[in-house]
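Overview (structure and organization)
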Amino acid sequence: MASASPRPSHRRSLRKRRTLVVSAAAVAAAVGAGVLVMNASASPTDLYHQVLPAKDGWAASGSGTTGGAKADAAHTFTVSTRAELVKALGSATDTTPRIIKVKGTIDANTSDSGKKLTCADYAAGTGYSLSAYLKAFDPAKYGKKVPSGTQETARKAAQDKQKKNIVLRVPSNTTIVGVPGTKAGILGGSVLVQNVKNVIIRNLTFADTQDCFPQWDPTDGSAGEWNSNYDSVTLRGATNVWADHNTFTDAPTFDKTEPTHFGRKYQVHDGALDITNGSDLVTVERNQFLNHDKTMLIGSSDTDSTGKLRVTIHHNLWKGIVQRAPLARIGQIHLYNNVYDTTTVNGYAPKYSIDSRAKAQVVAERNVWRIPADAKVAKLLSGDGTGSLAGTGNIVNGKATDIVAAYNAASSKKLKTTVNWTPALTAGLQTTVTSLLTDLTGTTGAGTLS
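Notes on the structure in this doc start here. Note that the structure is predicted; figures quoted are calculated from it, not measured.

1. Let's talk about the environment of asparagine 246
In this fold, asparagine 246 is placed in the loop between strand 16 (239-244) and strand 17 (247-249). Sequence separation of asparagine 246 and valine 177 is 69 residues, and the distance between their C-alpha atoms is 9.5 Å. Contact partners of asparagine 246, with chain neighbours within four places excluded, come to Ile201, Arg202, Asn203, Leu204, Phe206, Arg286, Asn287, Gln288, Gly445 and Ala446. Polar contacts involving the side chain of asparagine 246 include one to the main-chain carbonyl oxygen of isoleucine 201, which spans 3.0 Å.

2. Examining the sheet that holds strand 9 (residues 185-187)
Here we have 10 strands laid out as an open sheet, ordered 6-9-12-17-22-25-28-31-34-35, and mixed in their pairing. Edge positions in the sheet fall to strand 6 (105-107) and strand 35 (399-400), since each of these pairs with one other strand and no more. Sheet topology note: the strand 9/strand 12 (residues 205-207) ladder contains 3 bridges and is parallel. Along strand 12, the bridge assignment pairs isoleucine 186 with phenylalanine 206.

3. Brief notes about empty space enclosed by the protein
This model, assessed by the stated rule, comprises 3 cavities of 30 Å³ or more. Estimated volume of the largest cavity: approximately 70 Å³. Trp318, Lys319, Gly320, Ile321, Val322, Ala325, Tyr340, Asp341, Thr342, Pro350, Tyr352 and Ser353 are the residues that line the largest cavity. For the lining of the largest cavity, the secondary-structure elements that each account for two or more residues are strand 25 (317-323) and strand 28 (339-341). With 5 residues, strand 25 is the single largest residue contributor to the lining of the largest cavity.

4. Some thoughts on unusual backbone geometry
The peptide bond linking alanine 251 to proline 252 adopts the cis configuration, its omega dihedral lying at 5 degrees. Within the fold, proline 252 resides in the loop between strand 17 and strand 18 (260-261). Cis geometry is found at the peptide bond from alanine 325 to proline 326, where omega equals 0 degrees. Its identity as a non-glycine residue notwithstanding, asparagine 337 has a phi of 55 degrees, on the positive side. Summarising the element assignment, asparagine 337 is placed in the loop between strand 27 (332-336) and strand 28. Even without being glycine, asparagine 346 reaches a positive phi, approximately 50 degrees. In this structure, asparagine 346 sits in the loop between strand 28 and strand 29 (354-357). For asparagine 346, a relative accessible area of 30% gives the class partly exposed.

The rules behind the values
- Residues numbered from 1 in each chain as written.
- Predicted model: local features only at pLDDT ≥ 70, side-chain atom pairs only at ≥ 80, totals over all residues.
- Heavy atoms only, no water.
- Helix = DSSP H or I, 4+ residues; strand = E, 2+ residues; numbered from the N terminus.
- Contact = heavy atoms within 4.5 Å.
- Polar contact = N/O pair within 3.5 Å; in protein donor to acceptor, adjacent residues only side chain to side chain.
- Pairing = 2+ DSSP bridges.
- 1 Å grid on protein atoms, 1.4 Å probe; cavity = no way out; pocket = protein on both sides within 12 Å on 5 of 7 lines; lining within 4 Å.
- Points joined across faces, edges and corners; volume = space filled by probe spheres on them.
- Buried < 20%, exposed > 50% of the residue type's maximum accessible area, 1.4 Å probe, protein only.

If you want it as structure tokens, here you go:
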């Protein structure tokens, strides 16, 4: 069972210092690097009770983002199994502040008793089989119609069984943090932050979130696509969320190992961290996004919520990413001090880094790209002709580069170069980024906080 525990005795290396004078910006930098946060009386705040510092991106707006910092002992849990995590999360409508410490790696594809569950277990009793599904909806015979009928119904039933097991709903006023030194993370799970507010997710590895039952859609593009259903972390209608020092990866199941059906890759992975359906006031910082295709979607469609989708993305490392880093729609998005390594890794070949569309207002400044010698700067961006992307100080292979000018010179769907807002919540913004690639490699992602 999940165990309730008193306020943890976790401390950091600065505890013995008697005094510490810090500015708001210094506090923000300290948190990002995993350094102790001090309150007004100079007493230490442990990792589990830390809150988002002032001015640290959009999630610092309003009352800020504090997660479960006010949790009492009865709502402070240490969990190491899926069943314990589900119990600690409780009801998605319970707003009582809670702190959940994840110890070790939790496999979401396990039963309440801890038994490992496979795709075959979820399919059992539904009548679904992949071979029957492929036979039923072979485009050569079925045509380019959206699948319907016995096998599609069976697929949905099997998918629903998996969904009930791997989707983990987070309530408001919650902090979820990986226990340092335990390789904390969630394997195969989908953390859902939906229609709630004030959530902190830190120091966790989210690995190999798979949909056992992708749907074939012959109408998706000119050749059709296999579409899966689960992101590692999904924000839908969520407000004031801080995602910090996490690692997102498809490992150990890379897309190149998946088979091809109907001439298209059988895609079992969806997004890594998607922010949609009117989500707002989100800060994503010091994470690593590795080995993934459709990585971060901001805005579920071109008609998502106007006036929301305000997101700050800073000091993240992106490597082995195909696209959507991010794909932004509608909102005011600020990207600064991120590192993009566009080298092909484990078969993940880049298409683009940032896409601004559906009138998105993106400011991208002082980011760093490392691209292969034969790669084109114009391919780093994408858009539909309605999105904006402003910003200066971006570096490509060590050289200051106007990435928007390069893209616009090669594309008929021009990015607009002015935006309707000016970023003000910019804690930790570095104006000198020559060492950023080296710095972020060792200080971002899960396992770097202590």
